[in-house]
Amino acid sequence: MKIAFRFEARSDTGVKRSKNDDSGYGGRYLAVVADGMGGHVGGDVASATAVLNLTPLDHPDFDGTGGIYLADEIQSANAIINDLAASDQRLAGMGTTCTALLVDGEKIEMAHIGDSRAYRLRAEEDGGFEQISTDHTFVQRLLNEGRITPEEAENHPHRNVIMRVLGDVDASPELELQTLEAIPGERWVLASDGLEAVVSDEEIEAVMRSTDDLGEIADVLIQMTLDGGAPDNVTVVVVQVIDREELPADEPVGPSALPETGEIDTSPTTSELEEITEEVNAEEGLSDHDRALKKFRRARDLTDSFPHDGDASDQDAVYFARTNAAILRHELGSRPHQLVGSASVATETGRIPAVTSRTLEHRASLAQRVPMSTEEPAKLPDELEELLSDPIRRRRRPILLVSAAVILVLALIAGWSGLKWVEGRYYVGENNGKVAVYNGVPQSLGPIHLSHVVEESEVETSQLPEHTRMLLKNTIHADNLDDARVIVNRMQAQVNLQDDRNTQPSGAASSGAQTGQKTSATEGGNRG
């Protein structure tokens, strides 16, 4: 018996955050949650890229290959995120979690990386409830190794340190992949860590058992998070497994027509493009999508620009971004789905142009190489295929040569700027078994190392506590050289304190241990 999903998706910025870096998607055959990170501008780009990159997989019948395609598309999203980060310093270091469920016949394929979670409630009346995904965090690793107890994990100072994410220059992230038997009636909740930070697993289970209304389940979980203070963004996707025979016979499963969304404001400010807009708007009998696509083609021919070339004016870039968003809505709007968070912002407003541009580019490639077995083979709309294969681009070789020369010059300038930026970075790491201060960043470009040892201390890493050695292995960022020296001095103090404990009599050691705990807590407070 082949299966499908009922679904509901919700997302909220939370009480203390100014923007939503989460993204979520619910569909008949796919559910995804991604929690982005990376500062003021990077998190929303990363999570939206991950989710939108996976949405073409919301299609039935992979004939046992769903897990392969799911893992492959998450790896592709990782490559796009790293490419975007490399092209814009503001996005450097951005990353995202990703937890996804994909229907493959009568089974569910799960792919997961990071600390977002997947919970399952079995279909039976007294069916079991469990977290299916594993938290890829530093604290979870300590738990797995038996170094701390679950009670200690709840308040551990490094409980939010993630060991695995998409992006962050990891060329081949280690995904958690599972193939799971599915029974109609069972329910799943995918959620970013903003939920579990406030709502306990027991409370999540109780809400999932309380009603058959998936929308109510999602709403209640979001509201409980907000009532608890919601220090982070929170996104929830709730799905229930159903027999595919329950779906309407005429329900669409692929691209058809752009839903009615009103006129798209794509008017640029240059006089030539304003004339194009007026001319196309005056034509009758065009849908919103056809009207936007026609404006886009005419503007592209006039400015000799393509959505991701980056050589148009700022006004043209806004125009392209909004047109890209319209084309994405056209592709997504033909199938039942819910898109929430920053991925929704990207497709509804075009306010994340890097995501919409690269997503369209990847969709064209995916349509050509994914031989999914469906009643209607998955492919892009004819208009988009024509847009991406327009022969007019073949007549631009002289222009492309000039563009290549300009790009080379810009690359040299960017390389020099990057080297100057690297020279101002510091971190604390390990060298020859001792704590050392490095100048640069802990990365390499082929045989070229982007950092070197500035100072090597006398602190031996073997004398440090286990959690400190783990942090040191992953390197500890410092704002400047003086800050790095302060970090090293604190580690020296830890070693000295341990030496004092070892040399004191048993009674004094007990008293000293209490004093030492207070000192360590004070130092930790100053560092945070």
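Residues numbered from 1 in each chain as written. Predicted model: local features only at pLDDT ≥ 70, side-chain atom pairs only at ≥ 80, totals over all residues. Heavy atoms only, no water.

Identification of the chain as Serine/threonine protein phosphatase from Rothia dentocariosa is taken from an unreviewed UniProt entry.

Here we take up the overall build of the chain. The helix and strand tally for the chain stands at 17 helices and 17 strands. Here the analysis covers contacts within the chain between residues at least 6 apart in sequence; of these, 70% occur between residues at least 24 apart. Of the roughly 25,300 Å² that the chain leaves accessible, carbon and sulfur atoms contribute 50%. (Helix = DSSP H or I, 4+ residues; strand = E, 2+ residues; numbered from the N terminus. Contact = heavy atoms within 4.5 Å. Areas by Shrake-Rupley, 256 points an atom, 1.4 Å probe, with all protein chains shown as cover.)

Glancing now at the nonpolar core. Formed by 37 residues in total, the largest nonpolar core has its most connected members in Val 32, Leu 52, Leu 54, Leu 70, Ile 74, Met 94 and Leu 166. For this core, the elements supplying multiple residues, two or more each, are strand E3 (30-37), helix H1 (39-54), helix H2 (66-87), strand E5 (98-104), strand E6 (107-113), helix H10 (314-332) and helix H11 (342-349). In terms of residue count, H2 provides more of this core than any other element does, eight residues in total. Setting aside chain neighbours within four positions, we find Val 32 in contact with Ser 23, Gly 24, Tyr 25, Val 51, Leu 54, Cys 98, Thr 99, Ala 100, Leu 190 and Val 237. (Core = buried A, V, L, I, M, F, W, Y, C linked by side-chain atoms within 4.5 Å. Buried < 20%, exposed > 50% of the residue type's maximum accessible area, 1.4 Å probe, protein only.)

What follows is about empty space enclosed by the protein. Scanning the model with the defined rule gives three cavities of 30 Å³ or more in all. Of the pockets and cavities examined, the second largest cavity occupies roughly 40 Å³. As for the second largest cavity, its lining consists of Arg 28, Tyr 29, Asp 58, Pro 252, Val 253, Arg 335 and Pro 336. Taken together, the residues of the lining of the second largest cavity sort by class into four nonpolar, no polar and three charged. (1 Å grid on protein atoms, 1.4 Å probe; cavity = no way out; pocket = protein on both sides within 12 Å on 5 of 7 lines; lining within 4 Å. Points joined across faces, edges and corners; volume = space filled by probe spheres on them. Nonpolar A, V, L, I, M, F, W, Y, C, P; charged D, E, K, R; others polar.)

Right, let's talk about the packing of aromatic side chains for a bit. In total, this model carries three aromatic pairs according to the counting rule given. Aromatic side chains Phe 62 and Tyr 69 sit 5.8 Å apart centroid to centroid with 50° between the ring planes, which places their arrangement in the tilted category. Plain terms: the ring middles of Tyr 119 and Phe 129 are 5.6 Å apart, the flat faces sit at 10° to each other, and that makes the pair stacked. Here Tyr 119, found in strand E7 (residues 117-121), pairs with Phe 129, found in strand E8 (residues 129-131); they are 10 residues apart in sequence, far enough to count as distant. Classification of Tyr 119 as buried rests on a relative accessible area of 1%. (Phe/Tyr/Trp six-rings, centres within 6.5 Å; stacked < 30°, edge-to-face > 60°.)

Within the fold, Arg 187 resides in strand E11 (residues 187-191). The class for Arg 187 is buried, based on a relative accessible area of 9%. Only 2.7 Å separates the side chain of Arg 187 from the backbone oxygen of Thr 211, close enough to count as a polar contact. Every residue in contact with Arg 187, bar those within four places of it in the chain, is listed here: Tyr 119, Arg 120, Leu 121, Met 208, Arg 209, Thr 211, Asp 212, Leu 214, Ile 217, Val 239 and Gln 240. (Polar contact = N/O pair within 3.5 Å; in protein donor to acceptor, adjacent residues only side chain to side chain.)

So, about the pattern of salt bridges. Counted by the stated rule, this structure contains 19 salt bridges. Between Arg 17 and Asp 232 there is a salt bridge whose closest N-O contact spans 3.3 Å. Pair noted here: Arg 17 is in the loop between strand E1 (3-12) and strand E2 (22-27) and Asp 232 is in the loop between helix H7 (214-227) and strand E12 (234-243), with a separation of 215 residues, a long-range link. In this structure, Glu 251 and Arg 28 form a salt bridge, with 2.8 Å as the shortest nitrogen-oxygen distance. With Glu 251 in the loop between E12 and helix H8 (271-282) and Arg 28 in the loop between E2 and E3, this pair connects stretches of sequence that are 223 residues apart. Arg 28 carries the same exposure label as Glu 251, and that label is buried. Each of Arg 117, Asp 135, Glu 196 and Asp 201 takes part in one network of salt bridges that share partners. (Salt bridge = Lys/Arg side-chain N within 4 Å of Asp/Glu carboxyl O.)

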